[in-house]
Amino acid sequence: MKVKSLTALAGAAIMLACVSCGSTPTEEPVPPAPVEEPKPEPAPVEEPKEEPKNFSDANSELMARLEEARNRAVASGAKNAYPSAWKAAESEYEKLKADMAADNTADYSARIKDLTVRYDSLDKAAQAQAMKKRVDGLDSNDIDKAAYKTGEDALAKYDADGDSASADTAYKAYKSILDKAFRAMAGRERNAALEAKKNADSVKAGVSRKDEYGKAAELFKKADASYVTQNTESAYQDYQASKKAFTSLYESVSKARAAAQAAIERAKQKASETATYAQEADGVAPLGESQVSGIEAEDAVLLEADELANPEEAVIDVSNAEAETEVKEAIAAEEAASKTAGAQEAQ
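As a starting point, this report considers the structure included with it. (Residues numbered from 1 in each chain as written. Predicted model: local features only at pLDDT ≥ 70, side-chain atom pairs only at ≥ 80, totals over all residues. Heavy atoms only, no water.)

Looking now at the overall build of the protein chain. Looking only at helices and strands, one finds 11 helices and zero strands in the protein chain. Moving toward the C terminus, one meets the helices and strands of the protein chain in the order α-α-α-α-α-α-α-α-α-α-α. Split into buried and exposed, the 347 residues of the protein chain put 27% on the buried side. Of the contacts made within the protein chain by residues no fewer than 6 positions apart, 78% connect residues no fewer than 24 positions apart. Carbon together with sulfur atoms contributes 54% to the accessible area of the protein chain, which is approximately 23400 Å² in total. (Helix = DSSP H or I, 4+ residues; strand = E, 2+ residues; numbered from the N terminus. Buried < 20%, exposed > 50% of the residue type's maximum accessible area, 1.4 Å probe, protein only. Contact = heavy atoms within 4.5 Å. Areas by Shrake-Rupley, 256 points an atom, 1.4 Å probe, with all protein chains shown as cover.)

Moving on to the packing of helix 2 (residues 56–75) against helix 4 (residues 83–102). Relative orientation of the contacting elements helix 2 and helix 4 amounts to 155°, with a least axis distance of 13 Å. Between helix 2 and helix 4, the angle is such that the two are roughly antiparallel. In terms of crossing hand, the pair formed by helix 2 and helix 4 is left-handed. Contacts from Asn59, Met63, Leu66, Glu67, Arg70, Ala73 and Val74 in helix 2 reach Trp86, Glu90, Tyr93, Leu96, Lys97 and Met100 in helix 4. When the residues that make up the contact of helix 2 with helix 4 are grouped by side-chain class, the tally is eight nonpolar, one polar and four charged. (Axes fitted to C-alpha atoms, helices over the stretch in contact; angles between N-to-C directions. Parallel < 35°, antiparallel > 145°, perpendicular 65-115°, else oblique. Left-handed = near helix turned anticlockwise from the far one by under 90°. Nonpolar A, V, L, I, M, F, W, Y, C, P; charged D, E, K, R; others polar.)

Along the chain, the position of Thr247 falls in helix 10 (residues 232–284). For the pair Thr247 and Ala192, spaced 55 residues apart in sequence, the C-alpha to C-alpha distance is 9.8 Å. Within the structure, Thr247 has its side chain in polar contact with the backbone oxygen of Lys243 (distance 2.8 Å). (Polar contact = N/O pair within 3.5 Å; in protein donor to acceptor, adjacent residues only side chain to side chain.)

Attention shifts here to the nonpolar core. Core analysis: the largest hydrophobic core is formed by 58 residues, its most contacted members being Leu66, Leu96, Ile112, Tyr119, Leu122, Tyr239 and Phe246. The element that contributes the greatest number of residues to this core is helix 7 (residues 164–202), accounting for 12 residues. When near neighbours in sequence (up to four residues on either side) are disregarded, Tyr119 contacts Leu66, Ala69, Arg70, Ala73, Trp86, Ala89, Glu90 and Tyr93. (Core = buried A, V, L, I, M, F, W, Y, C linked by side-chain atoms within 4.5 Å.)

Now for the packing of aromatic side chains. Counting across every chain of the model gives eight aromatic pairs. Their ring planes at 90° and their centres at 5.9 Å tell us that Tyr148 and Tyr174 sit as a pair that is edge-to-face. One end of the pair, Tyr148, is in helix 6 (residues 145–161); the other, Tyr174, is in helix 7, and 26 residues separate them in sequence. For the residue pair Tyr148 and Tyr174, the accessibility class agrees, reading buried in each case. (Phe/Tyr/Trp six-rings, centres within 6.5 Å; stacked < 30°, edge-to-face > 60°.)

Structure representation (structure tokens):
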């Protein structure tokens, strides 16, 4: 019995061991992690070398503007008006040209633009200085005292530090005064030219001196066109020229007509005397109906008249309502400014 029990126990142990072995899971082997192969580094990309920029074309365009500004400054007399500033600008100008001659491909834009401004300022300042003298000579500073003071102050500032804005301010101030002055002056010349034309028309200058009369009328019309477009100084000069032309026509035609009239009167007198002599002679020795050679009739036409069938057709109409209105306004404005200036001085 004891042997069987031991045998049973041993079998049970074996079975328990088998069951225990069957219930334990078998661990699967873990595959090794893949080894990443190192990526080849890309070959360095060579950036294209940047070619140096060529500024020669841009330099040429800017230099053309510089030359224009310099030429204007020469024409306005900047060299004499501002000798020191002119000399400094010319020194920089010569240096710039030398550098560009050595290498015109470099960027000179900043230097060229700066020098252009300097020449432009010299031009404006020189013109302003000249215009101030003209304003003083015309005694026109009373037309716009505020503008006159602005111009003076701006010129003083330019003289002190060469400020380009001040040169431009002075130029505009004095130009505005001259424009106003010539506006009234041209208006008065227009009225005088119209009066001269009326005189020329009174002696029918358009008939006997057609070409000269036509040129004088065209000058007047040209002046009107300048006046209404604010080119007052040019208008003044053309009105003045037209006035002189019409005046000359009136005087010369008047003299010619007077001489012709005198000749007619002498001829009539001679004819009258001849007729009287003939009558007396006929009383002594009658000649009958025959005409003696060289003795004209009393009513003979000795000079041809210088009139057309309708002389008024030769008169050129130069009326311009716009110009006439502006002339009245300009003269009225000048007179008002003079009264105001006079009142201020009286105070």
